[in-house]
Amino acid sequence: MSEEKTSRRSLLASAGAWGVGAMVGAGTFVALARGALRRRNWVWQIDPAKCTRCGNCATHCVLSPSAVKCIQSHVRCGYCERCFAFFAPEAEEFTSAAENQLCPTGAISRRPTHKLPYYRYNVDEALCIGCGLCVEGCERFGNGSLYLQVRHDRCLNCNECAIAAACPADAFVRVPADRPYLFKKGYA
Amino acid sequence: MPERKPSENTHSAAFTALAGTAAVAGVLALVVAGVLLVHARRHNRTDPAQSPQMRALQNAVRQQPGNAELQEEYRRLDAALREAWFRQRQFASRGGLLLIVFAGVFAAAAVGAMALRRGPPMPQGKADYPAEQAQTSAAGRWAVAGVGVLLAGAAVLWALATPSMLSTELAIDTSQVAPGAPSDGEGGAEARPVGPAPDLGNLDARKQWPRFRGVSGQGVYNGQDAPREWDGREGKNVLWKSPVPLGGHSSPVVWGEYIFVTGADKQKRAVYCYEASAGKLLWTGKMAGIPGSPAEPPDNVMEDTGYAASTAATDGRHVAAIFANGDLACFDYAGRRLWARALGNPKNIYGHATSLTIHNGLLIVLYDQGDTPEEGLSKLHAFDLATGEEKWSVKRPVKNSWATPAVFETARGPQLITAAEPWVISYHAATGEELWRARAVYGDTAPSPVFADGKVFIVTPDTETVAVGVDGAGDVTDSHIAFRIDAHGDIVTPITDGERILLVGTYGLLTCCRVEDGEFVWEQTLDGTFHASPILAGGRAYLMSDMGVVRVFSLAPEFKLLHTNELGERAHATPAFVDGRIYIRGVKNLYCIAEKDGRGR
Amino acid sequence: MRRLLPAALILALLAPLAAAQEEGGPRYTPELGPDYTFPQPSAPQPKGTSHEIFDVLMLFLFLVLATVLALKVRRRRWLPVLALLALFYFGFWRGGCVCPVGSVQNVTMGLGAIAYAVPLVVLAFFLLPLVFTVFFGRTFCASVCPLGAVQDVVLLKPVRVPLWLEHGLGLLVWVYLAAAVLLAATGSAYIICRYDPFVTLFRLAPIGKWAESLVRGAEPPGGTLAVAARVDLLLLTGALLVLCAFVGRAYCRFLCPYGAVLRVLSLLSKWHVTITPDECIQCRLCEDACPFGAIRKPSSGKTNRAAGRRRLIALIALLPVLIGAGAVGGYFAGRPLSNLNHTVRLAEQVRLEETDPAAGPTDASDAFRKSSQTRQELYAEALDLRGTFVVGGAIAGGFLGLVVGLKLISLSVYRTREDYVVDRAKCLSCGRCFEFCPIEKKRRGKLPAASAG
């Protein structure tokens, strides 16, 4: 009796295995046809057009400081003496004293260029926490040259990005890993 | 090895060592975990800039600019906090590693100790397999069934506990309703409504604009979010603008996401339905083929009145409209005509203009005609809104009039107060029973009655304004006229905020008086001619001139012009205010004004 | 969190400028001269394909080793070592992401209507353990899965879960799987990742980054880990681990959605782990061998066949009813489940603000108002999504009803079994039972020589 059972079971097992194999093969084919071969992997990125600078990037990343950093587009920057991202709105003097700066970690540095009154503003990524205060100032009153992007030397590329889940503007998108940034273009 | 008894193992050196290591590592792990937790509680999510100490110092520095000491202190604190923030992160990560190491050691040692302690298997007694299996299977079945029932119950409870604000009619699938033929309102290829008609009857009527001058007919918008500034020429704060195929002076009425305007010329009449988000024309209600409809258009219709001067009325399920030739029809929200009647061409020297009112499923139609009250042509009708069946009608001893009555809730019930030479008559809105009348109005009555402080204010054009108490019975001419104001309007209906009443003359004379006793407060003259009635919104008055210029001003304590807004088009119809938006019907287009970033968007 | 710039002063000063530009030109155009070169933004690239291919190879290698050790070599000794290595590599080094358990969601999303192509690596992570399981049983679970390895490490004193309770709780994995698939197919959320109790453990220290920096001899680019950001999840992890100290592999047996699939496939496997390949003598020494309750006792003898048959027929007849009831339950659950979708939540919030003047605007509704989508379109989209959820929920519910029905039926079918055998669905191929069987020891020649007398 046990022999009958084992042979019946092995028949079922083979049939089942073939069936599953067929399904797996079909599924793989479908996935490949949909471009799995062309896609290396997806990584997360912020669409600057959708970002509303809510501040979640600094608080929701599983990393701290966040993998989201502010980057500066020098072609878009206005090089303003009174930069709305650098200076807090209540700043009385336009110096880089701590009480005049908008950035809570002092990550933006200001240096005069060869031509006054133009100043160059750079973001120190080691200090930036991705809070977006400077982005808001630049977006509202400046040229919009400062914006938040996910930095891929830091990002763990979680399958479910915690910031993406919390983004009120749904600004997080998956981009192919070979083109991982959504840089703003310069003005024509 | 099977021979050794379990207890012996527990005294071996190996066991003691492992157990000891486990205990130590476990305690250390707990300590580290505790420290990390406390640390996390205190330092998580703190912006260096958010600490209260920083804030206080920041304020101090701002208040005393130039105080070098304060600045130094601020900068030192700022630097210290920033450094601390980054150090805390590092602490957390190092602590995490330590936790893992200790936890790992604990786990390894504990598992080893337990393995040593565990003796060989000692099966007890004789097993009764069949009974065991039967019992296990039975219990298993109950467990599976129980879990299944619990899951299903939880699903239902979860669904009931999370109510949804979205209802299917919100997503009007405009592709299903064929767009109304833009050219004519009768004959030809018609809009074919498909599917059940939307039923928005359960929306709060007080938040809609269902008849001329709003739900109460008083021209008051209760929200605080009415747009203040716009410019129709530049498109500033104009959410959309849609052409209305047939013109008319009727005002737009709004319920939910539906806007209705009527239009007509000498031969054609139509009701247009637009949707609020983008101003798409959803359907055109046709007015053709009404039995008894006059073959000829009415004569004496002034250009200032037009053939579609009466504003429609709606209750969330039906929309009713009446035109200059007495054609009256009711549509559902999908554009199907439910019923229609022809009241016949009125004998009206300027053209019929009285708008419709709905009260508790009753469509109230005031149809005043005749040059003198003695002709006895004027009537007040009440039709069942859903079926068109006439519920009651009352003859009125008045001559033709153009004011629109409104229903006022009073101690004596809902009073429908009408004004036409020579009587101001109040009817019970549900039954048509006459409650009181007062001989208090003369001339060509166009301004509609307004209600404040227990009195109704009736304007005799170019003469005076009379305040009549509403708690009388029978002929109250001698008893209930509270006072007369020597100020008046002509065509425009007044507005009142309960304390002041604003009277507007056609050529721009604004008079503001006290409601309590009629005392004059202020007077102002504005440029322009005025036919549209003003609206009170957020404590400000909005008054539109015939050129489409809306002036926003305050009533109290004095006239103060706040904004002047251009439309870019002539407009005569009183605007509708709903949900943070203003709908203005110009001579050619319907505009939707909404402030960018305001609630109306 | 709303950041409001106190900008009244600035606005007043700069109103003309602020009003000017939308898209089309900068507000401020600096004249820096023709010699000025604009620096380009740096674009650090993510880890390359080589890493990913290496991971797949490692997974394959681990699976092969686990299978060989469990089925061919049949020694428990090396399997825990393999498990610890897997824990270190896949868990702590790679941060436990992407794992086969989560890959179910990616594959679902890839097959759904969302524009998402499953990367080859993720597909491999999904398929490799399945393929091995369908032939050799759940060798992945014991020695390759890092989540399982963590639970094994903390297993102190396994408590026997009564069999009937196991049957009941076994339904939960299907619920988790159904919910995860539905949410992934609609692109709403990856709940397996969001509520993963182990990934927070793996991320407690960036061991991978530190190891890499040691290898490279340079500082890691920063990014210490925010333990505190998920305190609630860490407490959950702690609680689960305490549970797993006594209930062996509680996550694997009662929660793992991938395990649900593996269970079914393992039933079909031809070469599954057995306690011994030789004859069982019913010595009962292996009864308490399995901490995971995967050993089935013999069950021969007389039973009330008539009653049993009646019950079986009743349950088979009840099956469509159960599927229907499940579909109804799933239909109900679809609506609140849809609130996990961003668009649906947004539409609810916007509608709430429309109807209730006291409801304050949130960041999300503010962002919506700034976008070009009309409320009509938003409502239409949200209602459409909700419709998908409700239908999907009904299907999932019906499927769960089917599972319940089949389970009830299988519990009414009495199989006669004379030997102690492994439950092919539940056995994780960990090899603990090998050490308990005297026939196995005899086969290996490990029994002590019979003492004389």
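The structure this text deals with has already been given above.
Note that the coordinates shown come from a computational prediction; the quantities given were computed from them, not determined experimentally.

(A) Highlighting the sheet that holds strand β26 (residues 509-514) of chain B. Spatial ordering of the open sheet is given by β24-β25-β26-β27 (chain B), a layout of four strands whose pairing is antiparallel. On the outer flanks of this sheet lie β24 (495-496) and β27 (520-525) of chain B, each paired with one strand and no other.

(B) Just a nonpolar patch on the surface, in detail. Residue and element names in this part refer to chain B. Judged by side-chain polarity, V27, V31, V35 and F91 come together as a nonpolar surface patch covering roughly 340 Å² of accessible area. Of all the elements, helix α2 (residues 13-43) adds the most residues to the nonpolar patch, at three residues. You can see V35 is positioned in helix α2. Judged by relative accessible area, which is 41%, V35 ranks as partly exposed.

(C) Quick look at the pairing of strand β2 (residues 68-72) of chain A. Residue and element names in this part refer to chain A. In terms of burial, β2 is largely enclosed, as five of its five residues are buried. Here five bridges tie β2 to strand β5 (residues 146-150), and the two strands are oriented antiparallel to one another. Residue pairing across strands places V68 opposite V150, the latter belonging to β5.

(D) Looking closely at helix α4 (residues 100-111) of chain C. In a regular helix each residue adds 1.5 Å, so 12 residues correspond to 16 Å; α4(C) covers 17 Å between its end C-alpha atoms and thus fits that length. For α4(C), the full list of buried residues reads P100(C), V101(C), G102(C), S103(C), V104(C), Q105(C), N106(C), V107(C), T108(C), M109(C) and G110(C).

(E) Representation of the pattern of salt bridges within the structure. If you walk through the whole model with that rule in mind, you get 37 salt bridges over all chains. For E125(A), the salt bridge identified is with R151(A), shortest N-O distance 2.7 Å. Here the residue E125(A) occupies a position in the loop between β4 (119-123) and α3 (133-141), and R151(A) occupies one in the loop between β5 and α4 (162-166), the gap between them amounting to 26 residues. Across the pair R74(C) and E440(C) runs a salt bridge whose closest N-O atoms are separated by 3.2 Å. A residue pair is termed long-range when its members are at least 10 positions apart, and R74(C) in the loop between α2 (49-73) and α3 (78-93) and E440(C) in helix α20 (residues 438-444) qualify at 366 residues. Look at R74(C) and you get buried, because its relative accessible area is 6%. Judged by its relative accessible area of 0%, E440(C) falls in the buried class. Here the residues in one salt-bridge network are R74(C), E435(C), E440(C), R443(C) and R444(C), joined through shared partners.

Criteria and cut-off values
Residues numbered from 1 in each chain as written. Chains lettered and ligands numbered in written order. Predicted model: local features only at pLDDT ≥ 70, side-chain atom pairs only at ≥ 80, totals over all residues. Heavy atoms only, no water. Pairing = 2+ DSSP bridges. Helix = DSSP H or I, 4+ residues; strand = E, 2+ residues; numbered from the N terminus. Patch = residues over 30% accessible without salt bridge, like charges linked within 9 Å, V, L, I, M, F, W, Y side chains within 5 Å. Areas by Shrake-Rupley, 256 points an atom, 1.4 Å probe, with all protein chains shown as cover. Salt bridge = Lys/Arg side-chain N within 4 Å of Asp/Glu carboxyl O. Buried < 20%, exposed > 50% of the residue type's maximum accessible area, 1.4 Å probe, protein only. Expected span 1.5 Å × (residues − 1).

Treat this as a map of the structure, not an account of what it does.
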